[in-house]
Amino acid sequence: MARTFAECQAILDAAEENGLSVFVSFYRRALEKFQKIKQLLDEGAIGQPQLVEIRQYQRPAPEDFDKDNLPWRLLPEAGGGKDLDIQVHVLDYLAYYFGDITAMTGIVENRAGLYAVEDTVSASFHFANGVVGSAAWCYVADFELDEVTIIGSEGTLVFEGTSFEWIRLIKDGKTTTYTFATPEHVAMPFIQTVVDELNGQAKSPADAASAANGIRMFDLLLKDYRERYEN
């Protein structure tokens, strides 16, 4: 939504002052795969959700090695590293399922020294409904992994955190796999919900205040690292 919570709040305040709606393009909330996860959770397919584990590991991209011409996402002026750029989307749809994150802490480091922003993070957080979460993000690994696991009292959901194709439900020793087609335009279903809300036809899953809260939590997580870099 913005680089910091203060910038998010400025957007929300300006919208309120001018009587305007704000929609942040966290479009996964409207995609079929993530709607199916919500349905399974709401139906009690895994019982009471207890714990969420997020893991994303990536090899450095070729452009990450060009210190004189780094992508904007890797500049301190962008607010943070790939975790802020990518994983805020994952935390947003998890907040859609479990309520806003109410606390977030962790260890934030730069292990490879390819750029100034963080490249390796271990985080812990807590959702409004009591679900506990943990995340490990490393963008200087030697292999690729993108996985979210939601552990419940009666089963488990496993799926790729940012892609759109599949979910595995593991329950009673059996695995059920749900598959989905990737839309030609991944943001289109979300945009349609926004249009429907503006036309008074239905409520969009969009939630700008929740989006801003996600950035507020990243501010807490990255605070010490940002201060170390600035000093």
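Preceding this paragraph is the structure being described.
To keep things clear, this report deals only with the structure shown in the data block. (Residues numbered from 1 in each chain as written. Predicted model: local features only at pLDDT ≥ 70, side-chain atom pairs only at ≥ 80, totals over all residues. Heavy atoms only, no water.)

### A short note on the side chain of Arg226
Consideration 1: Position of Arg226 among the secondary structure elements: in helix H5 (residues 208–230).
Consideration 2: When its relative accessible area of 18% is taken as the criterion, Arg226 is described as buried. (Helix = DSSP H or I, 4+ residues; strand = E, 2+ residues; numbered from the N terminus. Buried < 20%, exposed > 50% of the residue type's maximum accessible area, 1.4 Å probe, protein only.)

### Focus: the packing of helix H3 (residues 82–98) against H5
Consideration 1: Their axes nearest at 10 Å, the elements H3 and H5 cross at an angle of 135 degrees. When the axes of H3 and H5 are compared, the pair comes out oblique. Handedness of the crossing formed by H3 with H5: right-handed. Taking contact as the criterion, the partners of Asp83, Leu84, Gln87, Val88, Leu91, Asp92 and Ala95 in H3 are, on H5, Ser210, Ala211, Ile215, Phe218, Leu222 and Arg226.
Consideration 2: Residues belonging to the contact of H3 with H5 are distributed by class as follows: 8 nonpolar, 2 polar and 3 charged. (Axes fitted to C-alpha atoms, helices over the stretch in contact; angles between N-to-C directions. Parallel < 35°, antiparallel > 145°, perpendicular 65-115°, else oblique. Left-handed = near helix turned anticlockwise from the far one by under 90°. Contact = heavy atoms within 4.5 Å. Nonpolar A, V, L, I, M, F, W, Y, C, P; charged D, E, K, R; others polar.)

### A short note on unusual backbone geometry
Consideration 1: With a phi angle near 55 degrees, Asp172 is a residue other than glycine that sits in the positive phi range.
Consideration 2: With respect to the helices and strands, the residue Asp172 is situated in the loop between strand S7 (166–171) and strand S8 (174–179).

### Here's the deal with the sheet that holds S8
Consideration 1: Sheet architecture is open: 8 strands sit in the order S2-S3-S4-S1-S5-S6-S7-S8, paired in mixed fashion. Looking at strand neighbours, the two that pair on one side only are strand S2 (101–109) and S8, the edges of this open sheet. Going across the sheet, the axis of each strand differs from the next one's by a mean of 15 degrees, ignoring polarity.
Consideration 2: Sheet topology places strand S1 (residues 49–57) next to strand S4 (residues 132–138); 7 bridges connect them, and they run parallel. When the sheet's bridge partners are listed, Arg55 is paired in S4 with Ala136.
Consideration 3: Along the sheet, helix H2 (residues 32–42) contacts S1, strand S5 (145–152), strand S6 (156–159), S7 and S8; its crossing angle with S6, the most-contacted strand, is approximately 175 degrees.
Consideration 4: Contacting S1, S2, strand S3 (120–127), S4, S5 and S6, H3 runs over the sheet at an angle of about 165 degrees to S1. (Pairing = 2+ DSSP bridges.)

### Re the side chain of Glu118
Consideration 1: Among the structural elements, Glu118 can be located in the loop between S2 and S3.
Consideration 2: Despite its burial, Glu118 pairs with no opposite charge; the closest candidate is Arg226, at 6.4 Å N-O. (Lys, Arg positive; Asp, Glu negative; His and termini not counted. Salt bridge = Lys/Arg side-chain N within 4 Å of Asp/Glu carboxyl O.)

### Observations regarding the nonpolar core
Consideration 1: In this structure, Ile54, Leu94, Trp137, Ile150 and Leu157 are the most contacted members of the largest nonpolar core, which totals 62 residues.
Consideration 2: If you tally residues by element for this core, the top one is H3, at 10 residues. (Core = buried A, V, L, I, M, F, W, Y, C linked by side-chain atoms within 4.5 Å.)

So yeah, pure geometry; function would need other evidence.
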